[in-house]
Amino acid sequence: MGIPYSYSFRNLWTRRLTTVLTASGMALVVFVFAATLMLAEGLQKTLVDTGSYDNVVVIRKSANSEVQSGVERAQTSIIESQPEVAMGDDGRLLLAKELVVLINLPKRESNKPSNVVIRGISAASLMLRPQVRLTEGRMPRPGSAEVITGRNIARRFQGGGMGETVRFGMRDWTVVGIFDAGNTGFSSEIWGDVDQLMQAFRRPVYSSVIFKMRDSSEFEQFKNRTEGNPRLTVEAKREKIYYQEQSEMMAKFLRILGITLTIIFSLGAVIGAMITMYAAVAQRVTEIGTLRALGFQKGSILSAFVLESLFLGLLGGTAGLFFASFLQLITISTMNWQTFAELAFSFSLTIDIAWKSLAFSLVMGFAGGFLPALRAARMNIVDALRAV
Amino acid sequence: MFILKLLIRNAFRHKLRSVLTVVGVAIAILAFGLLRTLVEVWYSGAEHSSASRLVTRNAISLIFPLPIAYKDRIRQVPGVKSISYGNWFGGIYIDEKNFFANYAVEPQTYLDLYPEIVLSPDQTAAFIRDRKACIVGRKLAEKYGWKIGDAITLRGTIFPGQWEFILRGIYKGAQKSTEERVLLFHWDYLNETLKKTVPRRADQAGFYMIGITNPDLAAEVAVAVDKTFKNSLAETMTETERAFHLGFIAMTEAIVIAIQIVSYVVIVIIMVVAANTMAMTARERIAEYATFKTLGFGAWHIGSIVFGESIVIAMTGGILGVLLTFPGAHWVETELSQYFPSFSVSPVTVYFELFAACLIGIVAAVFPTWRGVTISIAEGLRRIG
């Protein structure tokens, strides 16, 4: 027969202070564990959602990003004439020649400048990115000094709000609209007419060509042909892969940091749990002896103590996860090292992360409680009863 | 001496528990030390850069160059002593994993402006004489096993093509903090090649470095330089080298702050663990404390024994943690060289670690010490177990 579950519960309640201390140690670890996973997830989500699988980005060979790239006008025309490019309902090609540069803009709160991506767009740019929606105002008129700003820029940067002006390239650019691109990198960009921007920045070349494929399976064929074409010095990537690569270094950094921290922290918490459980066993030697004398088996004692430790872990895990869930309200805005551009992303809690965190807390509880429980189970009845 | 012996004996009476706590503290201190070093590395570029040199770049952003003609106009600004210029080259050596900074610079003026780059006279001469020459820092040369005369090929990401350089010199840093993982080559080599391949990008410098006659004039000179080019096609932004570096760091501030918070969280976690240990110890020894009191020992005497025990445990863990920090940092340096060019533990970090360990001991001891001090004899003797 097993020992009732309430025994394990009530043991924790009896030694409240120790229970709270141990559980809060574990809660902090689970908090950090969940937070790092949520951060990496948020970053990844932001950049993965930015790209679309059916779109192709063409940039200059061995340029790592659109900012470093330059594609001559003549080359863009060759790409434009490829048969793989899809056509829109109005009979025009779903292809945009864009300019991507960085400008230095001061932030609203701190007045510290940061690099912001400014993208010169063509007529098809908006159609290529269905996730981008204009929430306020209107699109910039071609041929005018007007821009629209992403949600994160409008909120965080000086001059980014509706009706305000941003100055660069010897001109003042009026913000005539604000767009929301959800949790994607586009929300941290400024868009304007490509020809006006090329003129303002004195850049006679485009940065990239983006187009939708008429048939997604033709990508390899397109890639091989354009990259083998001696008139072109470009490389083609699926948009989704392109943005994934942009976040690779940062995501890897966050992941390594997160895993290292979690391992180190959990060692500390497991040790804490172990100390608590060893003490719990040592204090109850007589009690354990009595239980054994009453006829409870070694296995029952073992499971009762392991259960107690698991409860402890679960308690910590739940508390940690509860506090971590509030992190979703925070948006982190930082520079992506690979692109040198500002990128805003938030913590993102998924069911998967919640399960992982709880499972992790149970593992910690088990790791901390197993050895002490084993010691309790192995006690000799006579010796245990004799101990004072 | 006797009291210390007693403290240590006491601390390790419950061997398993004490060892576990010591290990826990050591791990926490190790983590704290590594995180602090990480933050320090983040700021190191700025800390060691000069406040008496100015950097001029395009006001729009770093990716836009400035005409090379600005060189002579900047030189005419009062207060400017010397000027050099260069480009961030962004070349990749074999694979993107092998990241290191590489610049195209005007060699003579650059070396004059940066006395912390120590290069022997014959190597300096060899570097300046050969247009395809490059020099690298000592650590970089060690990492890739380069020797003088070797050919090094970089793949350009900003300036397309394969670029071949001949290694003519290996420099040392004048101070320990000088970055020794940089490759420098002739700006002329870059420019002459661009003239042939992409003429519209030739004759442009990414940034100008300005040496000034008097460090106090930095602000005025910066304003004067920017004023010279106001309302031109390429407006400039001039700031001290330190401000320039700090601007970069400010952009990634969110991450630095997160790391700092986490480094304190780890200390709090272990404080909780250590406090737990000490609370248990005190609970078990209540009867002993009462006995001591019966024998005539004062309340504070007993308090200090409990307190001392906590400090002994925390400091043992702390010292162990500090000792582990050095191999830990070395591991990070080798495994993550892609992110951190150097990852060395500073003396300040070691002091901080010891201070944190001490703090853990103090905080953990507060409750048990108070118990030891205030316990009345009758109450203490009455309790069993």
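Residues numbered from 1 in each chain as written. Chains lettered and ligands numbered in written order. Predicted model: local features only at pLDDT ≥ 70, side-chain atom pairs only at ≥ 80, totals over all residues.

Draft legend 1. Just the overall build of chain A, in detail. Of the regular secondary structure elements, chain A holds 12 helices and 12 strands. Taking 388 residues into account, the globule formula puts the C-alpha radius of gyration at 21 Å, and chain A, at 30 Å, lies well above it. Expressed along its principal axes, the backbone C-alpha trace of chain A runs to roughly 95 × 45 × 35 Å. Within the span of chain A, comprising 388 residues, buried residues form 51% of the whole. Pairs at least 24 residues apart make up 83% of the contacts formed inside chain A by residues separated by at least 6 positions. (Helix = DSSP H or I, 4+ residues; strand = E, 2+ residues; numbered from the N terminus. Rg over C-alpha atoms; globule rule 2.2 N^0.38 Å. Buried ≥ 20, exposed ≤ 12 C-beta atoms within 10 Å, placed from the backbone. Contact = placed C-beta atoms within 7 Å.)

Draft legend 2. Representation of the interface of chain B and chain A in the model. Between chain B and chain A, the contact holds 40 residues from the first and 49 residues from the second. Elements that contribute at least two residues to the side of chain B that touches chain A include exactly α2 (15-47), α9 (241-251) and α10 (253-284) of chain B. The leading source of residues in the side of chain B that touches chain A is α10 of chain B, at 15 residues.

Draft legend 3. Highlighting unusual backbone geometry. At N111 of chain A, a residue that is not glycine, the phi angle is positive and equals roughly 65°. With respect to the element layout, N111 of chain A can be found in the loop between β2 (95-106) and β3 (113-121). The backbone of I94 of chain B shows a phi angle near 65°, a positive value even though the residue is not glycine. Within the secondary structure, I94 of chain B sits in the loop between β4 (91-92) and β5 (101-105). Look at I94 of chain B and you get exposed, because 11 C-beta atoms sit within 10 Å.

Draft legend 4. Structural view of the pairing of strand β7 (residues 133-137) of chain B. All names here are of chain B. When you tally the buried positions in β7, you get five out of five residues, the bulk of the element. Neither face of β7 is open: one carries A133, I135 and G137, the other C134 and V136, and all of them are buried. By the bridge criterion, five bridges tie β7 to strand β9 (residues 161-173) in an arrangement that is parallel. Paired with C134 across the strands is L167, a residue of β9. Bridge count between β7 and strand β10 (residues 182-186): three bridges; the pairing is antiparallel. (Pairing = 2+ DSSP bridges.)

Draft legend 5. Up close: the domain arrangement of chain A. All names here are of chain A. Domain assignment breaks chain A into domain 1 (5-48 + 246-386) and domain 2 (62-232). Averaged C-alpha coordinates put domain 1 and domain 2 at centres separated by 46 Å. Listed as interface residues are 14 residues of domain 1 and, on the opposing side, 15 residues of domain 2. When contributions to the side of domain 1 that touches domain 2 are tallied by element, the ones reaching two or more residues are α2 (16-50), β11 (331-336) and β12 (341-346). Here the side of domain 1 that touches domain 2 takes five residues from β12, the largest share from any one element. Class assignment for the residues of the side of domain 1 that touches domain 2 results in seven nonpolar, five polar and two charged. (Domains from an automatic or database assignment. Nonpolar A, V, L, I, M, F, W, Y, C, P; charged D, E, K, R; others polar.)

Draft legend 6. How the structure looks around the domain arrangement of chain B. Considered domain by domain, chain B is made up of domain 1 (2-45 + 253-382) and domain 2 (60-234). Distance between the C-alpha centres of domain 1 of chain B and domain 2 of chain B: 48 Å.

Draft legend 7. The environment of A104 of chain B, seen in detail. All names here are of chain B. Tracing the sequence through the fold places A104 in strand β5. With 25 C-beta atoms counted inside 10 Å, the residue A104 sits in the buried group. Distance in space between the C-alpha atoms of A104 and W88 is 6.6 Å, their sequence separation being 16 residues. Not counting residues up to four positions away in its chain, the partners in contact with A104 are G86, N87, F89, F185, H186, W187 and L190.

Draft legend 8. Fine view of the packing of helix α10 (residues 298-325) of chain A against helix α11 (residues 351-377) of chain A. All names here are of chain A. At a minimum axis distance of 7 Å, the contact between α10 and α11 shows a crossing angle of 150°. Relative to α11, the element α10 is oriented roughly antiparallel. Both α10 and α11 take part in a crossing whose hand is right-handed. Across the contact of α10 with α11, the residue classes tally to 19 nonpolar, 10 polar and two charged. (Axes fitted to C-alpha atoms, helices over the stretch in contact; angles between N-to-C directions. Parallel < 35°, antiparallel > 145°, perpendicular 65-115°, else oblique. Left-handed = near helix turned anticlockwise from the far one by under 90°.)

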